[in-house]
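Survey of secondary and tertiary structure
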Amino acid sequence: MKIIINNKAFVQRKDVIYLNQSDLNVPKSIFIKAFENNIDNIFDDSIRYEFIEFNDPKEIEFFKSLDWLIDYNEIKDLDEEDIITLGENAILERNAIIQKYNSMSDEKKKKNKQLLVKTDLLVYKIYSLRNALGTKQGYIKINLPENLDEKNLEKRISKKKKIGFN
């Protein structure tokens, strides 16, 4: 999950770990910042939902460009049905891409490997939506970044109890 606000991007550690395993062209500064102090426990389950702050304009633009990475500001006010619908739409999109890819000749498949990457990203989005739903339902606990501005902090505190984010 990402939160982009006040010229900052806050991204959960699990998402940065996923970026590290992907074939995407990720700015190196993101990995340096994410793992410089936590190399011994980067895969520790207790910190996977922790947010990492990024403030370099290139990093922020990179995270803004990731449409498959769930944006807290876009889902925080959605109800459970809306989140489920987003997940179902992502599944339909993934299935359509797979069907298109499978109907291609071997030569076209070689030229369209990016379709396979897109399906992987959609699967990640689906799991992230499942986690967002779990957060709303209280099964997954996350701590939102503390250093958001006061206006947004007030909104966050008032909605925290309602939507299960803490």
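These notes cover the structure that comes with them. Since we're looking at a predicted model, the values are computed, not measured. (Residues numbered from 1 in each chain as written. Predicted model: local features only at pLDDT ≥ 70, side-chain atom pairs only at ≥ 80, totals over all residues. Heavy atoms only, no water.)

1. Some details on helix 1 (residues 13–21)
- Burial of helix 1 is extensive: seven of the nine residues sit out of reach of the surface.
- Along its buried surface, helix 1 packs onto strand 2 (8–12), helix 2 (28–35), strand 3 (51–54), helix 3 (57–65) and helix 7 (114–136). (Buried < 20%, exposed > 50% of the residue type's maximum accessible area, 1.4 Å probe, protein only. Helix = DSSP H or I, 4+ residues; strand = E, 2+ residues; numbered from the N terminus. Contact = heavy atoms within 4.5 Å.)

2. What to know about the sheet that holds strand 1 (residues 2–5)
- Spatially, 1-2-3 is the arrangement adopted by the three strands of the open sheet, whose pairing is antiparallel. This sheet does not close on itself; its edge strands, each paired only once, are strand 1 and strand 3. Strand after strand, the sheet turns through a mean of 15° between neighbouring axes, direction not considered.
- Of the pairings in the sheet, the one linking strand 1 to strand 2 comprises four bridges and is antiparallel in character. Considered in strand 2, the bridge of Lys2 is made with Val11. (Pairing = 2+ DSSP bridges. Axes fitted to C-alpha atoms, helices over the stretch in contact; angles between N-to-C directions.)

3. Some remarks on the pattern of salt bridges
- Under the definition given, this model contains seven salt bridges.
- A salt bridge links Glu50 to Arg13, with the shortest nitrogen-to-oxygen separation between them at 2.5 Å. A residue pair is termed long-range when its members are at least 10 positions apart, and Glu50 in the loop between helix 2 and strand 3 and Arg13 in helix 1 qualify at 37 residues.
- Classification of Glu50 by relative accessible area gives partly exposed; the value is 33%.
- Across the pair Glu93 and Lys118 runs a salt bridge, and its minimum N-O distance is 3.5 Å. One end of the pair, Glu93, is in helix 5 (residues 80–102); the other, Lys118, is in helix 7, and 25 residues separate them in sequence.
- Take Glu93: its relative accessible area is 33%, and that puts it in the partly exposed class. (Salt bridge = Lys/Arg side-chain N within 4 Å of Asp/Glu carboxyl O.)

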